[in-house]
Structures are given as C-alpha cells and as structure tokens.
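Given next are the chains, with one letter for each unit.
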Amino acid sequence: MNLPNKLTLLRVILIPFFVFFLLAPAFVDQGKYIATVIFIVASLTDLFDGKIARKYNLVTNFGKFMDPLADKLLVCSALICLVDMKKLASWIAIIIIAREFIISGFRLIAAEQQIVIAASYWGKFKTTFQMLMIIVLILDIQNTAFVVIGVILTYVSLALTVISLVDYLYKNKEVMKEQN
C-alpha cells in the first residue's frame with residue numbers, strides 16, 4: 001500500500017477518535033481542542049494524499065474510491081456532531097450531506113459509462129470552507145468577531161455546496177442522458 005492510500009486510511013481511522021473526543025462528556029472542555037487537532041490532522045491528510053499521489057504517479061483505484069469516501073465520512077461525521085451539539089442548524093447539514101450523496105451517485109453513474117468526473121475548483125473551495133467552518137464551530141470561541149466568522153463561513157460553505165453541485169451537474173450533464 002502506497003503513502004497516499006495510507007494517508008487516506010489514517011483519515012478514516014481518525015474519525016472515531018475525533019467523534020469520541022468531541023462528544024464524550026468526560027472531555028467537555030479539553031475535548032473540543034483534542035477533536036479540533038484530530039480534525040485538522042485528518043483534513044491535512046486529505047490535502048497531502050492527493051498531492052503526493054499526483055506528483056509521484058501513485059494514483060490507484062483504491063485511492064480514487066476511498067479518498068472521496070474518507071472525505072465524506074469525515075465531514076459528515078463532523079456535521080452530525082455539530083447538529084447534536086446545537087452548533088449547526090440541521091437544515092444546513094442536510095443540504096451539505098445531500099449534495100455529497102448526489103455527487104457520489106452521479107459519479108457512480110458516470111463510472112458505469114467509463115467517465116471520470118474530476119474534482120472541480122468549486123468542489124475544492126467548498127471542501128476548504130467546510131473544513132474551516134467545522135473548525136471554527138467546534139472551537140466555539142465566544143467572541144463577537146469569532147462568532148461572526150463562524151456565521152460567514154457557514155453561509156459561504158452552504159453557498160459553495162450548492163454552486164459546486166450545480167457546476168458538477170451542468171458540466172457533466174451528458175452523464176444523465178439515456179444510454180441506448
């Protein structure tokens with residue numbers, strides 16, 4: 001197993017630890033800081049696995065499948081925890097998670113047609129803003145500027161989620177055409 005795939009697996013392995021420290025009652029105060037560090041490390045593995053795989057030509061079918069799945073598991077786990085903690089409105093989490101399911105299904109349909117749908121810049125911006133939003137909402141620093149930044153990141157993430165969905169669907173509309 002190559003390094004990018006190991007980084008992807010590490011991201012998946014970190015998710016239960018992230019959730020545990022975020023939600024465990026015994027870690028009320030320090031738990032959010034431990035969870036934030038774990039989330040940042042997991043997010044960085046997402047950045048590095050792709051860069052390393054492309055730079056050293058280590059792209060594998062495992063990586064093509066597991067990397068986006070690991071990203072979705074990490075972000076969706078965080079969003080669900082934030083809803084449970086009353087730090088994120090459920091309707092926002094539902095829209096973000098629904099987009100992930102729609103794109104995953106869309107990619108499966110495309111794969112059946114031997115079409116590879118690469119990540120777009122909108123998708124990359126969306127992921128970056130979602131991860132920043134999650135970090136800010138987890139830290140929950142009660143300072144007016146920090147709260148405003150959290151609100152801005154939440155709505156920018158939401159907008160980028162919708163924009164990236166429309167962008168993917170529009171640019172790849174041939175995938176949805178009936179095949180004879």
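Structure: see above.
Heads up: these notes are all about the structure in this document. (Residues numbered from 1 in each chain as written. Predicted model: local features only at pLDDT ≥ 70, side-chain atom pairs only at ≥ 80, totals over all residues. Heavy atoms only, no water.)

Further remarks concern the layout of surface pockets. Taken as a whole, the largest pocket spans an internal volume of roughly 1800 Å³. Along the walls of the largest pocket sit 49 residues, with Asp67, Pro68, Asp71, Arg107 and Ala119 positioned nearest its centre. Listing elements by their share of the lining of the largest pocket, those giving two or more residues are α1 (3-23), α2 (28-55), α3 (61-84), α4 (90-112) and α5 (121-139). Its residues assigned to classes, the lining of the largest pocket shows 23 nonpolar, 13 polar and 13 charged. (1 Å grid on protein atoms, 1.4 Å probe; cavity = no way out; pocket = protein on both sides within 12 Å on 5 of 7 lines; lining within 4 Å. Points joined across faces, edges and corners; volume = space filled by probe spheres on them. Helix = DSSP H or I, 4+ residues; strand = E, 2+ residues; numbered from the N terminus. Nonpolar A, V, L, I, M, F, W, Y, C, P; charged D, E, K, R; others polar.)

For the rest of this paragraph, the subject is the packing of α5 against helix α6 (residues 144-171). Helix-helix packing is characterised by the crossing angle of the two axes and by the distance between the axes. One can describe the packing of α5 onto α6 by two numbers: an axis separation of 8 Å at closest approach and a directional angle of 155°. It follows from the interaxial angle that α5 and α6 lie roughly antiparallel. Considering how the two elements wind past one another, α5 and α6 form a crossing that is left-handed. In the contact of α5 with α6, the residues fall into 15 nonpolar, seven polar and two charged. (Axes fitted to C-alpha atoms, helices over the stretch in contact; angles between N-to-C directions. Parallel < 35°, antiparallel > 145°, perpendicular 65-115°, else oblique. Left-handed = near helix turned anticlockwise from the far one by under 90°.)

What follows deals with α3. Look at α3: 35 Å from first C-alpha to last across 24 residues, which is about the 34 Å you get at 1.5 Å a residue. Of the residues flanking the end of α3, it is Lys86, one or two places downstream, whose phi is positive at about 65°. (Expected span 1.5 Å × (residues − 1).)

This paragraph deals with the side chain of Lys32. For Lys32, the location among the structural elements is in helix α2. Despite its burial, Lys32 pairs with no opposite charge, the nearest such side chain being Asp140 at 5.2 Å. (Buried < 20%, exposed > 50% of the residue type's maximum accessible area, 1.4 Å probe, protein only. Lys, Arg positive; Asp, Glu negative; His and termini not counted. Salt bridge = Lys/Arg side-chain N within 4 Å of Asp/Glu carboxyl O.)

A word on α2. Compared with an ideal rise of 1.5 Å per residue, which puts 28 residues at 40 Å, α2 spans 41 Å between its outermost C-alpha atoms and is within 8% of the ideal. A positive backbone phi angle near 50° is found at Asn57, which sits one or two residues after α2.

Attention now goes to a nonpolar patch on the surface. Nonpolar side chains collect at one region of the surface, where Trp91, Ile95, Val147, Val151, Tyr155, Val162, Val166 and Tyr170 lie side by side and expose about 760 Å² of accessible area between them. Among the secondary structure elements, those contributing two or more residues to the nonpolar patch are α4 and α6. Structurally, Val162 can be placed in helix α6. Given a relative accessible area of 40%, Val162 falls into the partly exposed group. (Patch = residues over 30% accessible without salt bridge, like charges linked within 9 Å, V, L, I, M, F, W, Y side chains within 5 Å. Areas by Shrake-Rupley, 256 points an atom, 1.4 Å probe, with all protein chains shown as cover.)

Now for the packing of aromatic side chains. Under the defined criterion, the tally for this structure stands at three aromatic pairs. Relative to Phe39, the ring of Phe18 lies with its centre 5.4 Å away and its plane at 45°, an arrangement referred to as tilted. Placement of the pair is Phe18 in helix α1 and Phe39 in helix α2, with a sequence separation of 21 residues. Of the two residues, Phe18 and Phe39, neither departs from the other in class, the shared state being buried. Between Phe20 and Phe21, the ring centres sit 5.2 Å apart and the planes meet at 80°, which makes this aromatic pair edge-to-face. Classification of Phe20 as partly exposed rests on a relative accessible area of 43%. Sitting above the plane of the Tyr170 ring, Lys173 keeps its charged end 3.8 Å from the centroid. (Phe/Tyr/Trp six-rings, centres within 6.5 Å; stacked < 30°, edge-to-face > 60°. Lys NZ or Arg CZ within 6 Å of the ring centre and 35° of its normal.)

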